[in-house]
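Here are the chains, one letter per residue:
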Amino acid sequence: MATDSWALAVDEQEAAAESISSLQIKDAAPEENGTAAATAATPPEGSGAAAQTEPDVPPTAKTEEDDKDDKAAQSLLNKLIRSNLVNTTNQVEVLQRDPNSPLYSVKSFEELRLKPQLLQGVYAMGFNRPSKIQETALPMMLAEPPQNLIAQSQSGTGKTAAFVLAMLSHVDPNNKFPQCLCVSPTYELALQTGKVIEQMGKHYPEVQLVYAIRGNKLQRSVKLQEQIVIGTPGTMLDWCLKFKFIDPKKIKVFVLDEADVMIATQGHQDQSIRIQRMLPKNCQMLLFSATFEESVWRFAERIVPDHNIIKLKREEETLDTIKQYYVQCTSKEEKFQALCNIYGAITIAQAMIFCHTRKTAGWLAGELSREGHQVALLSGEMQVEQRAAVIDRFRDGKEKVLVTTNVCARGIDVEQVSVVINFDLPVDKDGNPDNETYLHRIGRTGRFGKRGLAINMVDSKFSMNVLNRIQEHFNKKIEKLDTDDLDEIEKISS
Ligand SMILES: Nc1ncnc2c1ncn2[C@@H]1O[C@H](COP(=O)(O)OP(=O)(O)OP(=O)(O)O)[C@@H](O)[C@H]1O
(Lines give C-alpha, C1' and ligand atoms only; values in the text may rest on other atoms or scores of the structure.)
Protein backbone atom coordinates (compact mmCIF):
# COMPACT_ATOMS: atom_id res chain seq x y z
CA MET A 1 0.00 0.00 0.00
CA ALA A 2 1.31 3.41 -0.89
CA THR A 3 2.01 5.44 2.19
CA ASP A 4 -0.84 7.75 2.88
CA SER A 5 0.62 11.21 2.76
CA TRP A 6 -2.01 12.64 5.01
CA ALA A 7 -1.29 10.03 7.67
CA LEU A 8 2.36 10.94 7.43
CA ALA A 9 1.50 14.58 7.89
CA VAL A 10 -0.47 13.70 10.99
CA ASP A 11 2.45 11.71 12.34
CA GLU A 12 4.76 14.62 11.81
CA GLN A 13 2.30 16.98 13.39
CA GLU A 14 2.02 14.63 16.33
CA ALA A 15 5.74 14.40 16.73
CA ALA A 16 6.03 18.14 16.64
CA ALA A 17 3.23 18.74 19.09
CA GLU A 18 4.61 20.20 22.25
CA SER A 19 2.85 17.94 24.63
CA ILE A 20 0.15 15.39 24.26
CA SER A 21 -0.43 14.17 27.73
CA SER A 22 -2.66 11.27 28.51
CA LEU A 23 -5.14 13.86 29.75
CA GLN A 24 -5.30 15.28 26.30
CA ILE A 25 -5.78 11.85 24.88
CA LYS A 26 -8.81 11.62 27.07
CA ASP A 27 -10.01 15.00 25.86
CA ALA A 28 -9.32 14.08 22.30
CA ALA A 29 -11.65 11.15 22.34
CA PRO A 30 -14.93 13.01 22.06
CA GLU A 31 -14.63 14.91 18.86
CA GLU A 32 -14.78 18.51 18.03
CA ASN A 33 -17.50 18.29 15.46
CA GLY A 34 -21.22 18.55 15.86
CA THR A 35 -22.07 14.93 16.33
CA ALA A 36 -19.70 14.36 19.19
CA ALA A 37 -20.69 14.03 22.78
CA ALA A 38 -19.67 16.59 25.32
CA THR A 39 -16.08 16.37 26.49
CA ALA A 40 -15.70 15.05 29.96
CA ALA A 41 -14.31 17.87 32.03
CA THR A 42 -10.79 17.22 33.15
CA PRO A 43 -9.81 18.81 36.43
CA PRO A 44 -6.72 20.98 36.33
CA GLU A 45 -3.43 19.45 37.39
CA GLY A 46 -3.10 19.09 41.07
CA SER A 47 -6.72 19.74 41.85
CA GLY A 48 -7.34 16.13 42.77
CA ALA A 49 -6.84 15.34 46.40
CA ALA A 50 -3.63 13.41 46.31
CA ALA A 51 -3.89 10.61 48.78
CA GLN A 52 -1.03 10.40 51.19
CA THR A 53 -0.44 7.22 53.06
CA GLU A 54 -0.80 8.91 56.40
CA PRO A 55 -1.02 6.41 59.22
CA ASP A 56 -4.55 5.22 59.83
CA VAL A 57 -6.01 7.35 57.11
CA PRO A 58 -7.35 5.46 54.15
CA PRO A 59 -6.51 7.00 50.80
CA THR A 60 -9.05 9.56 49.75
CA ALA A 61 -11.69 8.49 47.29
CA LYS A 62 -10.09 10.09 44.28
CA THR A 63 -6.40 10.45 43.65
CA GLU A 64 -4.74 12.52 40.97
CA GLU A 65 -3.73 9.28 39.31
CA ASP A 66 -7.32 8.19 39.10
CA ASP A 67 -7.94 11.12 36.80
CA LYS A 68 -5.50 9.54 34.45
CA ASP A 69 -6.85 6.07 34.80
CA ASP A 70 -7.63 6.20 31.19
CA LYS A 71 -8.29 3.04 29.30
CA ALA A 72 -7.39 4.58 25.99
CA ALA A 73 -4.01 5.76 27.23
CA GLN A 74 -3.27 2.36 28.76
CA SER A 75 -4.22 0.62 25.60
CA LEU A 76 -1.98 2.90 23.57
CA LEU A 77 0.87 2.39 26.02
CA ASN A 78 0.53 -1.34 25.70
CA LYS A 79 0.73 -1.09 21.96
CA LEU A 80 3.77 1.15 22.08
CA ILE A 81 5.78 -1.07 24.40
CA ARG A 82 4.82 -4.35 22.88
CA SER A 83 7.20 -5.77 20.38
CA ASN A 84 6.02 -9.35 20.39
CA LEU A 85 3.01 -11.52 20.39
CA VAL A 86 1.76 -12.54 23.83
CA ASN A 87 1.95 -16.29 23.87
CA THR A 88 -0.65 -18.41 25.49
CA THR A 89 -1.23 -22.10 25.89
CA ASN A 90 -4.92 -21.66 26.58
CA GLN A 91 -7.32 -23.02 24.01
CA VAL A 92 -9.70 -20.73 22.21
CA GLU A 93 -13.34 -21.09 23.05
CA VAL A 94 -15.67 -20.87 20.07
CA LEU A 95 -19.40 -20.33 20.12
CA GLN A 96 -20.78 -20.66 16.65
CA ARG A 97 -24.02 -19.17 15.49
CA ASP A 98 -24.63 -22.22 13.38
CA PRO A 99 -23.05 -25.14 15.21
CA ASN A 100 -23.49 -27.32 12.12
CA SER A 101 -21.32 -25.24 9.88
CA PRO A 102 -17.76 -26.52 9.73
CA LEU A 103 -15.25 -24.86 11.98
CA TYR A 104 -11.83 -24.41 10.50
CA SER A 105 -8.62 -23.72 12.19
CA VAL A 106 -5.41 -23.06 10.31
CA LYS A 107 -1.83 -23.62 11.31
CA SER A 108 -0.26 -21.62 8.51
CA PHE A 109 -0.99 -18.45 6.56
CA GLU A 110 -0.74 -20.38 3.28
CA GLU A 111 -3.84 -22.36 4.18
CA LEU A 112 -5.84 -19.16 4.08
CA ARG A 113 -5.20 -18.70 0.35
CA LEU A 114 -4.45 -15.07 0.78
CA LYS A 115 -3.65 -12.83 -2.14
CA PRO A 116 0.12 -13.13 -2.78
CA GLN A 117 0.61 -9.43 -2.03
CA LEU A 118 -0.93 -9.94 1.39
CA LEU A 119 0.99 -13.08 2.17
CA GLN A 120 4.11 -11.14 1.31
CA GLY A 121 2.99 -8.36 3.68
CA VAL A 122 2.35 -10.84 6.49
CA TYR A 123 5.77 -12.43 6.12
CA ALA A 124 7.44 -9.05 5.80
CA MET A 125 6.05 -8.27 9.23
CA GLY A 126 7.84 -11.32 10.58
CA PHE A 127 4.76 -13.42 11.17
CA ASN A 128 5.59 -17.07 10.56
CA ARG A 129 2.35 -18.61 11.64
CA PRO A 130 -1.03 -17.46 12.90
CA SER A 131 -1.38 -16.69 16.59
CA LYS A 132 -3.77 -18.70 18.73
CA ILE A 133 -6.72 -16.40 18.11
CA GLN A 134 -5.84 -15.92 14.45
CA GLU A 135 -5.92 -19.70 13.86
CA THR A 136 -9.67 -19.73 14.34
CA ALA A 137 -10.67 -16.12 13.72
CA LEU A 138 -9.07 -15.79 10.30
CA PRO A 139 -10.87 -18.69 8.57
CA MET A 140 -14.12 -17.47 10.07
CA MET A 141 -13.59 -13.89 8.94
CA LEU A 142 -12.48 -14.91 5.46
CA ALA A 143 -15.29 -17.43 4.93
CA GLU A 144 -17.96 -17.02 2.28
CA PRO A 145 -20.58 -15.88 3.03
CA PRO A 146 -19.00 -13.48 5.54
CA GLN A 147 -19.59 -14.30 9.16
CA ASN A 148 -20.05 -11.85 11.97
CA LEU A 149 -17.62 -12.20 14.79
CA ILE A 150 -17.13 -11.03 18.34
CA ALA A 151 -13.61 -11.81 19.49
CA GLN A 152 -12.09 -11.31 22.86
CA SER A 153 -8.55 -11.95 23.91
CA GLN A 154 -5.96 -10.23 25.96
CA SER A 155 -4.02 -7.35 24.53
CA GLY A 156 -1.14 -8.45 22.36
CA THR A 157 -2.56 -11.74 21.15
CA GLY A 158 -2.93 -10.69 17.53
CA LYS A 159 -6.44 -9.29 17.19
CA THR A 160 -5.46 -6.16 15.27
CA ALA A 161 -3.35 -8.08 12.81
CA ALA A 162 -6.28 -10.49 12.32
CA PHE A 163 -8.93 -7.96 11.41
CA VAL A 164 -6.52 -5.89 9.33
CA LEU A 165 -5.82 -8.97 7.25
CA ALA A 166 -9.55 -9.62 6.94
CA MET A 167 -10.22 -6.06 5.74
CA LEU A 168 -7.38 -6.15 3.23
CA SER A 169 -8.60 -9.52 1.93
CA HIS A 170 -12.18 -8.40 1.42
CA VAL A 171 -11.39 -5.19 -0.43
CA ASP A 172 -11.81 -5.05 -4.18
CA PRO A 173 -8.92 -2.84 -5.30
CA ASN A 174 -10.63 -2.04 -8.60
CA ASN A 175 -13.46 -0.29 -6.83
CA LYS A 176 -12.37 3.17 -5.89
CA PHE A 177 -14.69 3.81 -2.98
CA PRO A 178 -14.77 2.90 0.72
CA GLN A 179 -15.57 -0.74 1.37
CA CYS A 180 -14.28 -1.27 4.91
CA LEU A 181 -14.84 0.94 7.93
CA CYS A 182 -12.82 0.48 11.08
CA VAL A 183 -13.81 2.43 14.16
CA SER A 184 -11.32 3.01 16.98
CA PRO A 185 -11.99 4.82 20.25
CA THR A 186 -9.35 7.53 19.93
CA TYR A 187 -7.34 9.41 17.37
CA GLU A 188 -4.07 7.86 18.59
CA LEU A 189 -5.40 4.32 18.56
CA ALA A 190 -6.79 4.85 15.07
CA LEU A 191 -3.34 5.94 13.90
CA GLN A 192 -1.77 2.84 15.44
CA THR A 193 -4.18 0.54 13.63
CA GLY A 194 -3.67 2.55 10.48
CA LYS A 195 0.04 1.84 10.69
CA VAL A 196 -0.66 -1.89 10.80
CA ILE A 197 -2.85 -1.59 7.71
CA GLU A 198 -0.08 0.30 5.94
CA GLN A 199 2.54 -2.26 6.94
CA MET A 200 0.52 -5.30 6.05
CA GLY A 201 -0.67 -3.75 2.80
CA LYS A 202 2.80 -2.58 1.81
CA HIS A 203 2.91 -4.87 -1.19
CA TYR A 204 -0.64 -4.13 -2.19
CA PRO A 205 -0.43 -0.51 -3.37
CA GLU A 206 -3.79 -0.56 -5.14
CA VAL A 207 -5.47 -0.54 -1.77
CA GLN A 208 -5.56 2.83 -0.10
CA LEU A 209 -6.38 3.97 3.38
CA VAL A 210 -7.81 7.21 4.71
CA TYR A 211 -8.17 8.45 8.29
CA ALA A 212 -11.52 9.75 9.47
CA ILE A 213 -10.18 11.60 12.46
CA ARG A 214 -10.40 15.11 13.74
CA GLY A 215 -8.34 17.55 11.79
CA ASN A 216 -8.66 15.71 8.51
CA LYS A 217 -10.85 18.24 6.79
CA LEU A 218 -11.96 17.32 3.30
CA GLN A 219 -13.58 19.44 0.62
CA ARG A 220 -17.36 19.25 0.91
CA SER A 221 -17.90 17.67 -2.49
CA VAL A 222 -15.23 14.98 -2.17
CA LYS A 223 -16.11 11.37 -2.79
CA LEU A 224 -13.52 9.15 -1.20
CA GLN A 225 -11.50 6.86 -3.46
CA GLU A 226 -9.83 4.92 -0.65
CA GLN A 227 -11.15 1.47 0.06
CA ILE A 228 -10.46 1.44 3.80
CA VAL A 229 -11.49 4.16 6.21
CA ILE A 230 -10.20 4.10 9.75
CA GLY A 231 -11.31 6.63 12.30
CA THR A 232 -13.11 7.63 15.42
CA PRO A 233 -16.89 7.25 15.65
CA GLY A 234 -17.86 10.94 15.59
CA THR A 235 -15.90 11.84 12.47
CA MET A 236 -16.83 8.56 10.82
CA LEU A 237 -20.49 9.27 11.45
CA ASP A 238 -20.14 12.77 10.02
CA TRP A 239 -18.39 11.46 6.94
CA CYS A 240 -21.24 9.02 6.35
CA LEU A 241 -24.19 11.14 7.36
CA LYS A 242 -23.43 14.83 7.25
CA PHE A 243 -20.77 15.17 4.55
CA LYS A 244 -21.61 12.01 2.62
CA PHE A 245 -17.95 11.33 1.81
CA ILE A 246 -18.75 7.67 2.37
CA ASP A 247 -21.67 5.74 0.98
CA PRO A 248 -22.51 3.42 3.87
CA LYS A 249 -24.53 1.16 1.59
CA LYS A 250 -21.33 0.09 -0.17
CA ILE A 251 -19.58 -1.04 3.00
CA LYS A 252 -18.70 -4.75 3.13
CA VAL A 253 -16.81 -4.92 6.42
CA PHE A 254 -17.39 -2.93 9.61
CA VAL A 255 -14.84 -3.34 12.40
CA LEU A 256 -15.23 -2.10 15.93
CA ASP A 257 -11.86 -2.16 17.55
CA GLU A 258 -11.18 -1.97 21.27
CA ALA A 259 -14.82 -2.24 22.19
CA ASP A 260 -14.01 -2.06 25.88
CA VAL A 261 -12.11 1.18 25.50
CA MET A 262 -14.82 2.48 23.20
CA ILE A 263 -17.47 1.93 25.80
CA ALA A 264 -15.42 3.81 28.37
CA THR A 265 -15.39 6.79 26.03
CA GLN A 266 -18.53 8.83 26.32
CA GLY A 267 -20.83 8.94 23.36
CA HIS A 268 -18.95 6.43 21.25
CA GLN A 269 -21.45 3.64 21.69
CA ASP A 270 -24.30 5.66 20.26
CA GLN A 271 -22.26 6.97 17.38
CA SER A 272 -21.12 3.47 16.49
CA ILE A 273 -24.66 2.18 16.60
CA ARG A 274 -25.79 5.04 14.35
CA ILE A 275 -23.10 4.18 11.81
CA GLN A 276 -23.94 0.51 11.98
CA ARG A 277 -27.62 1.22 11.24
CA MET A 278 -26.72 2.81 7.92
CA LEU A 279 -24.83 -0.26 6.70
CA PRO A 280 -26.32 -2.94 4.47
CA LYS A 281 -27.74 -6.06 6.11
CA ASN A 282 -25.08 -8.31 4.62
CA CYS A 283 -22.19 -6.16 5.81
CA GLN A 284 -19.77 -8.19 7.88
CA MET A 285 -19.53 -6.96 11.49
CA LEU A 286 -16.42 -7.64 13.50
CA LEU A 287 -16.00 -6.59 17.11
CA PHE A 288 -12.82 -6.94 19.12
CA SER A 289 -12.16 -6.40 22.76
CA ALA A 290 -9.42 -7.19 25.24
CA THR A 291 -11.87 -7.62 28.08
CA PHE A 292 -15.40 -8.81 28.22
CA GLU A 293 -17.34 -7.10 30.94
CA GLU A 294 -21.09 -6.98 31.01
CA SER A 295 -21.13 -3.55 29.34
CA VAL A 296 -19.00 -4.74 26.43
CA TRP A 297 -21.21 -7.72 26.04
CA ARG A 298 -24.39 -5.64 25.90
CA PHE A 299 -22.79 -3.34 23.36
CA ALA A 300 -21.60 -6.28 21.27
CA GLU A 301 -25.01 -7.89 21.19
CA ARG A 302 -26.65 -4.66 20.10
CA ILE A 303 -24.26 -4.03 17.30
CA VAL A 304 -23.36 -7.48 15.94
CA PRO A 305 -26.32 -9.57 14.80
CA ASP A 306 -25.99 -13.34 14.30
CA HIS A 307 -22.57 -13.37 15.81
CA ASN A 308 -20.03 -16.08 16.32
CA ILE A 309 -17.91 -15.71 19.41
CA ILE A 310 -14.25 -16.48 19.91
CA LYS A 311 -12.73 -16.13 23.35
CA LEU A 312 -9.23 -16.74 24.51
CA LYS A 313 -8.69 -16.95 28.24
CA ARG A 314 -5.75 -15.26 29.89
CA GLU A 315 -3.05 -17.41 31.36
CA GLU A 316 -3.84 -17.55 35.05
CA GLU A 317 -1.53 -15.76 37.37
CA THR A 318 -0.61 -17.49 40.57
CA LEU A 319 1.12 -16.67 43.80
CA ASP A 320 2.42 -20.21 44.25
CA THR A 321 5.97 -19.47 43.27
CA ILE A 322 6.18 -16.14 45.06
CA LYS A 323 7.64 -15.61 48.50
CA GLN A 324 5.64 -12.87 50.20
CA TYR A 325 6.78 -10.75 53.13
CA TYR A 326 5.71 -7.65 54.94
CA VAL A 327 7.67 -5.05 56.82
CA GLN A 328 6.11 -3.07 59.63
CA CYS A 329 6.94 0.63 59.78
CA THR A 330 5.35 3.82 61.04
CA SER A 331 6.14 6.35 58.30
CA LYS A 332 7.28 6.62 54.73
CA GLU A 333 10.76 7.57 55.93
CA GLU A 334 10.91 4.34 57.88
CA LYS A 335 9.70 2.43 54.86
CA PHE A 336 12.50 4.00 52.85
CA GLN A 337 15.03 2.99 55.51
CA ALA A 338 13.70 -0.57 55.44
CA LEU A 339 14.10 -0.57 51.69
CA CYS A 340 17.71 0.58 52.01
CA ASN A 341 18.37 -2.20 54.52
CA ILE A 342 16.96 -4.76 52.08
CA TYR A 343 19.12 -3.40 49.28
CA GLY A 344 22.11 -3.52 51.62
CA ALA A 345 21.57 -7.15 52.46
CA ILE A 346 20.58 -8.84 49.23
CA THR A 347 21.45 -8.48 45.59
CA ILE A 348 18.46 -7.35 43.60
CA ALA A 349 18.92 -7.45 39.86
CA GLN A 350 15.84 -5.44 39.01
CA ALA A 351 12.93 -4.35 41.13
CA MET A 352 9.65 -2.63 40.58
CA ILE A 353 8.40 -0.44 43.40
CA PHE A 354 4.77 0.59 43.54
CA CYS A 355 3.50 3.69 45.29
CA HIS A 356 0.00 4.95 45.71
CA THR A 357 0.51 8.51 44.57
CA ARG A 358 2.63 10.30 42.07
CA LYS A 359 3.97 12.46 44.87
CA THR A 360 5.25 9.50 46.90
CA ALA A 361 6.69 7.90 43.77
CA GLY A 362 8.56 11.10 42.89
CA TRP A 363 9.87 11.47 46.44
CA LEU A 364 11.00 7.86 46.65
CA ALA A 365 12.72 7.96 43.27
CA GLY A 366 14.63 11.06 44.43
CA GLU A 367 15.69 9.41 47.69
CA LEU A 368 16.81 6.23 45.94
CA SER A 369 18.84 8.20 43.40
CA ARG A 370 20.56 10.03 46.23
CA GLU A 371 21.49 6.62 47.61
CA GLY A 372 23.18 5.88 44.29
CA HIS A 373 20.58 3.68 42.65
CA GLN A 374 19.85 3.90 38.94
CA VAL A 375 16.18 4.72 39.13
CA ALA A 376 13.52 5.03 36.47
CA LEU A 377 10.33 6.83 37.37
CA LEU A 378 7.04 6.24 35.67
CA SER A 379 4.71 9.04 36.42
CA GLY A 380 1.21 10.08 35.49
CA GLU A 381 2.11 13.42 33.96
CA MET A 382 4.32 11.82 31.34
CA GLN A 383 3.14 11.48 27.80
CA VAL A 384 2.25 7.95 26.81
CA GLU A 385 5.24 7.81 24.47
CA GLN A 386 7.56 8.91 27.27
CA ARG A 387 6.19 6.23 29.53
CA ALA A 388 6.77 3.64 26.82
CA ALA A 389 10.38 4.82 26.52
CA VAL A 390 10.95 4.53 30.29
CA ILE A 391 9.61 0.99 30.30
CA ASP A 392 11.75 0.07 27.31
CA ARG A 393 14.90 1.33 29.05
CA PHE A 394 14.04 -0.58 32.18
CA ARG A 395 13.33 -3.69 30.20
CA ASP A 396 16.74 -3.35 28.57
CA GLY A 397 18.31 -3.21 32.03
CA LYS A 398 19.49 0.39 31.69
CA GLU A 399 17.89 1.12 35.06
CA LYS A 400 17.69 -1.33 37.92
CA VAL A 401 14.78 0.11 39.86
CA LEU A 402 11.47 1.21 38.44
CA VAL A 403 9.37 3.35 40.75
CA THR A 404 5.84 3.76 39.60
CA THR A 405 2.30 4.42 40.61
CA ASN A 406 -0.26 1.75 40.32
CA VAL A 407 -2.21 3.42 37.55
CA CYS A 408 0.85 3.99 35.42
CA ALA A 409 1.96 0.42 35.60
CA ARG A 410 -1.36 -1.32 35.17
CA GLY A 411 -1.14 -3.99 32.57
CA ILE A 412 2.62 -3.77 32.21
CA ASP A 413 4.57 -6.98 32.37
CA VAL A 414 8.27 -6.86 32.86
CA GLU A 415 9.11 -10.51 32.95
CA GLN A 416 12.63 -10.36 34.27
CA VAL A 417 11.66 -8.52 37.44
CA SER A 418 12.01 -10.92 40.33
CA VAL A 419 11.46 -8.50 43.19
CA VAL A 420 8.33 -6.44 43.60
CA ILE A 421 7.98 -3.98 46.43
CA ASN A 422 4.64 -2.58 47.39
CA PHE A 423 5.77 0.63 49.03
CA ASP A 424 2.04 1.22 49.36
CA LEU A 425 -0.42 -1.63 49.18
CA PRO A 426 -2.86 -1.54 46.29
CA VAL A 427 -6.28 -0.28 47.30
CA ASP A 428 -9.29 0.69 45.26
CA LYS A 429 -11.07 4.03 45.33
CA ASP A 430 -12.92 3.11 48.50
CA GLY A 431 -9.79 2.07 50.31
CA ASN A 432 -10.52 -1.65 50.03
CA PRO A 433 -7.75 -4.08 49.08
CA ASP A 434 -7.32 -4.30 45.34
CA ASN A 435 -6.65 -8.02 45.16
CA GLU A 436 -6.62 -8.17 41.41
CA THR A 437 -3.91 -5.53 41.16
CA TYR A 438 -1.94 -7.24 43.93
CA LEU A 439 -2.02 -10.50 42.01
CA HIS A 440 -1.15 -8.84 38.75
CA ARG A 441 1.78 -6.93 40.25
CA ILE A 442 3.45 -9.87 41.87
CA GLY A 443 1.88 -12.92 40.32
CA ARG A 444 3.55 -14.92 37.62
CA THR A 445 1.85 -17.02 35.04
CA GLY A 446 2.14 -20.56 36.29
CA ARG A 447 3.63 -21.84 33.09
CA PHE A 448 6.85 -19.88 33.40
CA GLY A 449 6.91 -20.63 37.09
CA LYS A 450 9.75 -18.25 37.86
CA ARG A 451 10.39 -17.71 41.53
CA GLY A 452 9.72 -14.25 42.79
CA LEU A 453 9.90 -12.17 45.90
CA ALA A 454 7.30 -9.67 47.03
CA ILE A 455 7.80 -7.27 49.91
CA ASN A 456 4.91 -5.27 51.27
CA MET A 457 5.43 -2.14 53.32
CA VAL A 458 2.92 -1.53 56.07
CA ASP A 459 2.86 1.79 57.88
CA SER A 460 -0.47 2.04 59.68
CA LYS A 461 -3.36 0.12 61.15
CA PHE A 462 -5.16 0.80 57.93
CA SER A 463 -2.49 -0.77 55.74
CA MET A 464 -2.10 -3.68 58.17
CA ASN A 465 -5.79 -4.30 57.75
CA VAL A 466 -5.43 -4.20 53.96
CA LEU A 467 -2.57 -6.68 54.18
CA ASN A 468 -4.59 -9.04 56.35
CA ARG A 469 -7.46 -8.95 53.94
CA ILE A 470 -5.15 -9.68 51.02
CA GLN A 471 -3.76 -12.65 52.94
CA GLU A 472 -7.24 -13.93 53.61
CA HIS A 473 -8.34 -13.42 50.04
CA PHE A 474 -5.51 -15.51 48.58
CA ASN A 475 -5.30 -17.81 51.56
CA LYS A 476 -1.54 -17.41 51.46
CA LYS A 477 0.52 -16.39 54.41
CA ILE A 478 2.57 -13.21 54.15
CA GLU A 479 5.50 -13.54 56.54
CA LYS A 480 6.79 -10.72 58.69
CA LEU A 481 10.30 -9.55 57.89
CA ASP A 482 12.50 -7.71 60.35
CA THR A 483 14.56 -5.39 58.19
CA ASP A 484 16.83 -4.46 61.09
CA ASP A 485 18.10 -8.01 61.13
CA LEU A 486 20.48 -8.42 58.20
CA ASP A 487 20.76 -12.18 58.64
CA GLU A 488 17.04 -12.52 58.38
CA ILE A 489 16.92 -10.45 55.20
CA GLU A 490 19.69 -12.50 53.66
CA LYS A 491 17.66 -15.64 54.23
CA ILE A 492 14.79 -14.48 52.07
CA SER A 493 16.90 -14.40 48.96
CA SER A 494 18.07 -17.97 49.29
N1 LIG B 1 0.92 -14.25 13.76
C2 LIG B 1 1.78 -13.43 14.34
N3 LIG B 1 3.08 -13.80 14.44
C4 LIG B 1 3.99 -12.99 15.04
N5 LIG B 1 3.69 -11.78 15.55
C6 LIG B 1 2.42 -11.37 15.47
C7 LIG B 1 1.39 -12.16 14.86
N8 LIG B 1 0.23 -11.48 14.93
C9 LIG B 1 0.49 -10.32 15.55
N10 LIG B 1 1.81 -10.24 15.87
C11 LIG B 1 2.52 -9.16 16.57
O12 LIG B 1 2.20 -9.26 17.95
C13 LIG B 1 1.96 -7.99 18.52
C14 LIG B 1 0.53 -7.94 19.06
O15 LIG B 1 -0.39 -8.09 17.99
P16 LIG B 1 -1.71 -7.22 17.86
O17 LIG B 1 -1.41 -5.76 18.02
O18 LIG B 1 -2.40 -7.64 16.63
O19 LIG B 1 -2.48 -7.71 19.18
P20 LIG B 1 -3.88 -7.20 19.75
O21 LIG B 1 -4.53 -8.38 20.36
O22 LIG B 1 -4.61 -6.47 18.70
O23 LIG B 1 -3.48 -6.20 20.89
P24 LIG B 1 -4.40 -4.96 21.43
O25 LIG B 1 -5.57 -5.57 22.12
O26 LIG B 1 -3.47 -4.28 22.38
O27 LIG B 1 -4.76 -4.14 20.26
C28 LIG B 1 2.25 -6.98 17.43
O29 LIG B 1 3.58 -6.54 17.57
C30 LIG B 1 2.05 -7.77 16.15
O31 LIG B 1 2.84 -7.26 15.10
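All chains use their own residue numbering, which begins from 1 and follows the written sequence. Reporting of local features is limited, given that this is a predicted model, to residues whose pLDDT is at least 70; pairs of side-chain atoms are given and counted only at 80 or more, and all residues count toward the totals for whole chains, interfaces and linings. Hydrogens are left out, water is left out, and the side-chain values use all remaining heavy atoms of the structure.

## Quick notes on unusual backbone geometry
With omega at -5°, the peptide bond leading from Glu 144 into Pro 145 counts as cis. Numbering of helices and strands runs from the N terminus, with a helix taken as a DSSP run of H or I at least four residues long and a strand as a DSSP run of E at least two residues long. As for its placement among the helices and strands, Pro 145 is situated in the loop between α6 (132–142) and β2 (148–153). In the Ramachandran plot, Arg 113 falls in the positive-phi region, its phi being about 50° despite a non-glycine side chain. Summary of the burial criterion: residues with accessible area below 20% of their type's maximum are buried, those above 50% are exposed, and those between are partly exposed, where the area comes from a 1.4 Å probe applied to protein chains only. With a relative accessible area of 78%, Arg 113 lands in the exposed category. If you check the backbone angles, Asn 475 has positive phi at about 50° while not being a glycine. On the secondary structure map, Asn 475 appears in the loop between α18 (461–474) and β17 (479–480).

## Observations regarding the state of the cysteines
Working definition: a disulfide is two cysteine sulfur atoms within 2.5 Å of each other. In the structure shown here, the tally under the stated rule is 0 disulfides. Note on Cys 340: no disulfide assigned, nearest cysteine sulfur contributed by Cys 329 at a separation of 11 Å.

## Considering the environment of Pro 178
Relative to the helices and strands, Pro 178 resides in the loop between α7 (159–170) and β3 (180–183). Using a relative accessible area of 3% as the deciding quantity, one classes Pro 178 as buried. Residues Pro 178 and Met 457 lie 279 residues apart in sequence; the distance between their C-alpha atoms is 57 Å. Not counting chain neighbours up to four residues away, the residues in contact with Pro 178 comprise Leu 224, Glu 226, Gln 227, Val 229, Ile 246, Lys 250 and Ile 251. The contact criterion used is simple: two residues touch if any of their non-hydrogen atoms lie within 4.5 Å.

## What to know about the site of the ligand
By convention in these notes, a residue is near a molecule or strand provided one of its non-hydrogen atoms lies within 4 Å of it. Every one of the 20 residues lining the ligand counts as a neighbour, but Lys 79, Ser 155, Gly 156, Lys 159 and Thr 160 are closest to it. By the criterion applied in these results, polar contacts are pairs of N or O atoms within 3.5 Å in which, for protein atoms, one can donate a hydrogen and the other can accept it, and in which residues neighboring in sequence qualify only through two side-chain atoms. Here an oxygen atom of the ligand and a side-chain polar atom of Thr 160 are 2.5 Å apart. For the accessible areas, the method is Shrake-Rupley and the probe is 1.4 Å, while residue cover comes only from the protein chains on display. Expressed as a share of its isolated accessible area of 620 Å², the protein-covered part of the ligand is 85%. The element contributing the most residues to the shell around the ligand is α7, with 3 residues. Of the residues that constitute the shell around the ligand, the class distribution is 5 nonpolar, 10 polar and 5 charged. When residues are grouped by polarity, Ala, Val, Leu, Ile, Met, Phe, Trp, Tyr, Cys and Pro land in nonpolar, Asp, Glu, Lys and Arg in charged, and all others, Gly among them, in polar.

## Observations concerning the pairing of β3
Where a strand is regular, its side chains alternate between the two sheet faces. Across the two faces of β3 the burial is the same, with Cys 180 and Cys 182 and Leu 181 and Val 183 all buried. Should DSSP find at least two bridges between two strands, the strands are regarded as paired. Pairing geometry for β3 and strand β5 (residues 228–231), over 4 bridges, is parallel. Looking across to β5, one finds that Val 183 is bridged to Gly 231. In this sheet, strand β6 (residues 253–256) lies alongside β3 in parallel orientation, the contact comprising 4 bridges. Pairing of Cys 182 across the sheet is with Val 255, part of β6.

## Observations concerning the pattern of salt bridges
When a carboxyl oxygen of Asp or Glu is within 4 Å of a side-chain nitrogen of Lys or Arg, the pair counts as a salt bridge. Per the counting criterion, the structure on display carries 9 salt bridges. With a shortest N-O distance of 3.3 Å, Lys 79 and Glu 258 are connected by a salt bridge. Residue Lys 79 is found in helix α4 (residues 71–81), and its partner Glu 258 is found in the loop between β6 and α10 (259–264); the two are separated by 179 residues along the sequence. With a shortest N-O distance of 2.9 Å, Arg 370 and Glu 367 are connected by a salt bridge. On the criterion of helical spacing, the pair formed by Arg 370 and Glu 367 is a turn pair, its members being 3 residues apart in helix α14 (residues 358–370). What you see here is one network of salt bridges that share partners, running through Lys 107, Arg 129 and Glu 135.

## Description of the nonpolar core
Soluble globular proteins tend to pack their nonpolar side chains together in the buried interior. Buried Ala, Val, Leu, Ile, Met, Phe, Trp, Tyr and Cys residues that are joined via side-chain atoms within 4.5 Å together make up what is termed a nonpolar core. Met 141, Leu 149, Met 167 and Ile 228 are the most contacted members of the largest nonpolar core, which has 45 residues in total. In terms of residue count, the dominant contributor to this core is α7 (8 residues). For Leu 149, the residues in contact, after removing those within four places along its chain, are Ala 137, Met 140, Met 141, Met 285, Leu 286, Leu 287, Phe 288, Val 304, Asn 308, Ile 309 and Ile 310.

## Considering the sheet that holds strand β11 (residues 351–355)
Here 7 strands make up an open sheet; going across it, the order is β12-β13-β11-β14-β16-β10-β17 and the pairing parallel. The open sheet has two free edges, formed respectively by β12 (375–378) and β17, since each of these has just one partner strand. Strand direction decides the pairing type here: strand β14 (residues 419–422) and strand β16 (residues 452–458), joined by 4 bridges, are parallel. Pairing of Asn 422 across the sheet is with Asn 456, part of β16. An axis is simply a line fitted to the C-alpha atoms; with a helix, the fit covers only the stretch in contact. Between two such axes, the angle follows the N-to-C directions and lies from 0 to 180 degrees. This element, α14, spans β11, β12 and β13 (401–405) of the sheet and lies at about 165° to β13. Running at roughly 150° to β14, helix α17 (residues 435–442) makes contact with β10 (322–328), β11, β14 and β16 of the sheet.

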